Amino acid sequence: MNSLVQKIRRSLERDGDLPMAERARKGLAFAFGTLLAPRYLREATHLGARARTVGKPCVVNDGTMRLGADLMVTSTFSPVELVAQAGAHLVIGDSVLLNYGTSIRAASRVTLGSRILVGPQCIIDDTDLTAEGGVLASPITIGSGVWLAGRVTVLPGTTIGDGTVITAGSIVSGDVPAGVIAGGVPARVIRVLDDPDRAQSVVSAPAAEKRSFVVTPDAIPSGALTALRGVVLSDFTVGDLAVRLADSVDEPAMHVVDAPFCQTTQGLLSGPPSPEAKDFVLVWTRPELALPSFDRLVRGAAATDEELLTDVDAFAELVTRGASQYRMTFVPTWWQPAHQRGLGMIDARPGGITWALTMANARLMTQLASESNVFVLNAQRWAEASASHGRSMAKAWYLGKIPFPAELFAEVARDLKAAARGIAGRARKLLVVDLDDTLWGGVVGDVGWEHLQLGGHDGAGEAFVDFQHAVRALRSRGVMLGIVSKNTEAVALEAIKSHPQMVLHTDDFVGWRINWHDKAQNIADLAIELNIGLQSVVFVDDNPVERARVREALPEVFVPEWPEDSLLYTERLHALRCFDMPAISQEDADRTALYAAERARDSGRTSVGSLDEWLLSLGMRVTVEHVGSGNITRITQLLNKTNQMNLTTRRLSEAELLEWSRPETRVVLALTVEDRFGSAGLTGILGLEATDQCCEVTDFVLSCRVMGRRVEHAMLHLAARWARARGMQTVVARYRRTAKNQPCHDMLLSSSLDRDVAGETFTWDCSGPFPLPDAIQLTWVSGPPTDAVR
């Protein structure tokens, strides 16, 4: 205590020029900060001497947290957050100052040296999500004597050398040299602090050398989604969200172009602030600013339901007008913070805030549901996901117009990126599950199906039943289900067929590999059988060894970390974003039944002598129709997610495809395939464009479900038929190679089309028709037009 008194006395002496009251206030603040530091930082594994806190930080330590001597943590306006997850190490050296709103999180290792100044609202986080929604952790090391100015974000895997300064608002990744000033988005070396000659050599370094500490487009892995550019229109500060969206670790990078603050209406009416920022717009408003009647209600004045709905309709009309200028438009729902109780117990009755918000959100979703490029997102879920931190944002709002904690912006960024991947056709199509201790509790080969933990009055058994319901619900979203399990097949199938509490049955699965072979090989074989790429597969298994094996052997397969506690299985499955897609067609809902019919076709093939005889036995009918409002959703979905039988891999939105097909010189045809086993649905797209005397094949897309059944050749027949009807001389198909469309190239090489020396351009002389395969009968939705196609 005497030591503390001496420190207070020295502090008062240093502030001798200040009024006595101010000197006393500062002395007491110093005393309380020193006294409370051990309490507020007590979660640390090791706390150095003379640590001080101003305000209460948020400290969570499930791993190892070592905090050095003379640490100063300021949480005046918003708390500093220090988190060490299980097995992680967070190490902070001596004489470090952490300013308000800063978040430091470690899932592997984060190390800060000594004498570091960290400005307000900085983020130092060694974790991020992969493109498929998994967790990726890479250690961060920040040397001694470093200064991070305000709102700096340090990404996973970063190393910052001693004595370096990072300017405000920068995003830092990779290796930043010692003794330099770096800044920007992405951070680049501006100059060297101690040697001008060295500065010139660093700034002029080749791109390959710079890439070690600069995030550039070249650093994005091959096959990644193209970086997007767009706008955030909001009536509050969204700088933290913009930083998280720009992160390319969780693809795609979504770069936000500056837009006027608090001018949502003007921004929607005027369009993108720059020509390249047309990929997306996020229209995020507070209800009291977007809806005048709601603002009156919050302030205690009267507002009728009719006035509220009129305001919502006006807002929806404004969004619709603005959305026509962007490829993707996102509109979060309206919500109020938890402390806003409105009328208390009667708030869900007319006149209450809960009543009004529920009506407004329902009307908003109804009015925007018909807009194919507008997606209303559940903002209440974001609020609940970040509510566990329990912090008040009132001060942050009044001081900086920051209404939400960093955790909420992180949830928003993940959802927006998942939506962008889904729109780009990157949603996962196949969920492969294990059986023992995954779909049910226990090992069926040991205990028998009668004694499995499934259903009944047992908590774990009930959880397994709920998990099966959640898995089965994915079918309605077009996700296929498969099984890969180390078991005796007859024993496992008997359990599926016989257990009375079993929710999933054999007809819910498109295929399975139940044997004692390597699971990675089994997954690969199942994908080949279903004719889908491994990038479409998700694998769920309770065994961490099996998960690690599949991750290592099949890196394209998404293998999420899975909880040890089976009571958490359903929650974890619901949290996956990898199945998000922009629309669900009837073909999606019926996909499992379609694959079941395909298995029946394959089983019938064994009794037929040749491929041609087998195809003739199917009685295939291909129905052709033009693109229109009735099929545009399914056509666009097929266009954007098909990779293998795809000539050019062109990606378009519904509006873009309809606009492209309007001229008389262009046509987009949709093909629906059916046979004696049933319909495979709309599975083919043929886009053609007349240029001089040549017919260009712009789109040649076919679902993997009907590949190899001569439908490809029927599409070539249609292209030649359309060209001949217009007096054209040649049909040209220009193959654009991707990582996935080799099957399309193989088909063209095996066809009777002529090709150039490089084998990339294929042509057909229209002086003669391209033959229609004998196994296929063509029909038209409205009868064959006079010019054969249009």
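For the structure itself, look to the data block above.
Structure report, in brief.

What counts, and where the lines are drawn
Residues numbered from 1 in each chain as written. Predicted model: local features only at pLDDT ≥ 70, side-chain atom pairs only at ≥ 80, totals over all residues. Heavy atoms only, no water. Helix = DSSP H or I, 4+ residues; strand = E, 2+ residues; numbered from the N terminus. Buried < 20%, exposed > 50% of the residue type's maximum accessible area, 1.4 Å probe, protein only. Salt bridge = Lys/Arg side-chain N within 4 Å of Asp/Glu carboxyl O. Pairing = 2+ DSSP bridges. Axes fitted to C-alpha atoms, helices over the stretch in contact; angles between N-to-C directions. Contact = heavy atoms within 4.5 Å. Patch = residues over 30% accessible without salt bridge, like charges linked within 9 Å, V, L, I, M, F, W, Y side chains within 5 Å. Areas by Shrake-Rupley, 256 points an atom, 1.4 Å probe, with all protein chains shown as cover. Core = buried A, V, L, I, M, F, W, Y, C linked by side-chain atoms within 4.5 Å.

## Details of the overall build of the protein
Then comes step 1: Across its full length, the protein carries 26 helices and 41 strands.
Then comes step 2: Within the protein, buried positions represent 53% of all 790 residues.

## What to know about unusual backbone geometry
Then comes step 1: Positive phi is not limited to glycine here, since Gln 121 has a value of about 60°.
Then comes step 2: Among the secondary structure elements, Gln 121 is positioned in the loop between strand S11 (117-118) and strand S12 (123-125).
Then comes step 3: Given the relative accessible area of 27%, Gln 121 is considered partly exposed.
Then comes step 4: For Arg 151, which is not glycine, the phi dihedral falls at a positive 60°.

## Structural notes on the pattern of salt bridges
Then comes step 1: Within this structure, the stated rule accounts for 30 salt bridges.
Then comes step 2: Between Glu 561 and Arg 551 there is a salt bridge, with the nearest N and O atoms lying 2.6 Å from each other. Residue Glu 561 is found in the loop between helix H18 (544-553) and helix H19 (569-575), and its partner Arg 551 is found in helix H18; the two are separated by ten residues along the sequence.
Then comes step 3: Judged by its relative accessible area of 30%, Arg 551 falls in the partly exposed class.
Then comes step 4: Across the pair Arg 734 and Glu 696 runs a salt bridge whose closest N-O atoms are separated by 2.8 Å. With Arg 734 in strand S38 (residues 730-734) and Glu 696 in strand S37 (residues 694-702), the pair connects residues that are 38 residues apart, well separated along the chain.
Then comes step 5: Classification of Arg 734 as partly exposed rests on a relative accessible area of 41%.
Then comes step 6: Owing to a relative accessible area of 16%, Glu 696 belongs among the buried residues under this scheme.
Then comes step 7: Three or more residues are tied together by salt bridges with common partners; here these are Arg 381, Glu 411, Arg 414, Asp 415 and Arg 577.

## Things to note about the pairing of strand S29 (residues 430-433)
Then comes step 1: Burial along S29 is two-sided: Leu 430 and Val 432 facing one way and Leu 431 and Val 433 facing the other are all buried.
Then comes step 2: One ladder, built from four bridges, connects S29 with strand S30 (residues 480-486); its direction is parallel. Residue Leu 430 lies in a different strand from S30, and its bridge partner there is Met 480.
Then comes step 3: As paired strands, S29 and strand S32 (residues 537-540) are joined by four bridges and run parallel to one another. Note on S32: the bridge partner recorded for Leu 430 is Val 537.

## What to know about the sheet that holds strand S25 (residues 254-256)
Within a sheet, neighbouring strands are paired by backbone hydrogen bonds and run either parallel or antiparallel to one another.
Then comes step 1: What the five strands build is an open sheet, ordered S25-S24-S26-S27-S28; its pairing is parallel. Each having just a single partner strand, S25 and strand S28 (374-377) make up the two edges of the open sheet. When strand polarity is set aside, the average angle formed by the axes of neighbouring strands in this sheet is 25°.
Then comes step 2: Here four bridges tie strand S27 (residues 328-332) to S28, and the two strands are oriented parallel to one another. Paired with Thr 329 across the two strands is Val 374, which belongs to S28.
Then comes step 3: Each of strand S24 (228-234), S25, strand S26 (280-284), S27 and S28 is contacted by helix H13 (residues 406-423), which is oriented at about 145° to S27, the strand it contacts most.

## Some details on a nonpolar patch on the surface
Then comes step 1: Side chains of Leu 343, Met 345 and Ile 346 sit close together on the surface and give an oily, nonpolar patch of about 350 Å² of accessible area.
Then comes step 2: In this structure, Leu 343 sits in the loop between S27 and helix H10 (353-368).
Then comes step 3: By relative accessible area, which is 45% here, Leu 343 ends up partly exposed.

## Remarks on the nonpolar core
Then comes step 1: Counting residues in each nonpolar core, the largest one holds 65 residues, and the members touching the most others are Ile 523, Val 557, Leu 686 and Phe 700.
Then comes step 2: Setting aside its immediate chain neighbours within four residues, Leu 686 contacts Val 667, Val 668, Leu 669, Val 697, Asp 699, Phe 700, Met 715, Leu 718 and Ala 719.
Then comes step 3: Among the nonpolar cores identified, the runner-up in size contains 39 residues, and Ala 84, Ile 92, Ile 116 and Cys 122 belong to it.

## Remarks on the environment of Asn 741
Then comes step 1: Turning to its location among the elements, Asn 741 is positioned in the loop between S38 and helix H26 (742-750).
Then comes step 2: Taking relative accessible area as the criterion, Asn 741 reaches 0% and is therefore assigned buried.
Then comes step 3: A sequence separation of 92 residues divides Asn 741 from Thr 649, and the C-alpha atoms of the two residues are 8.2 Å apart.
Then comes step 4: Residues contacting Asn 741, with those up to four places away along its chain left out, are Asn 643, Gln 644, Asn 646, Leu 647, Thr 649, Tyr 735 and Arg 736.

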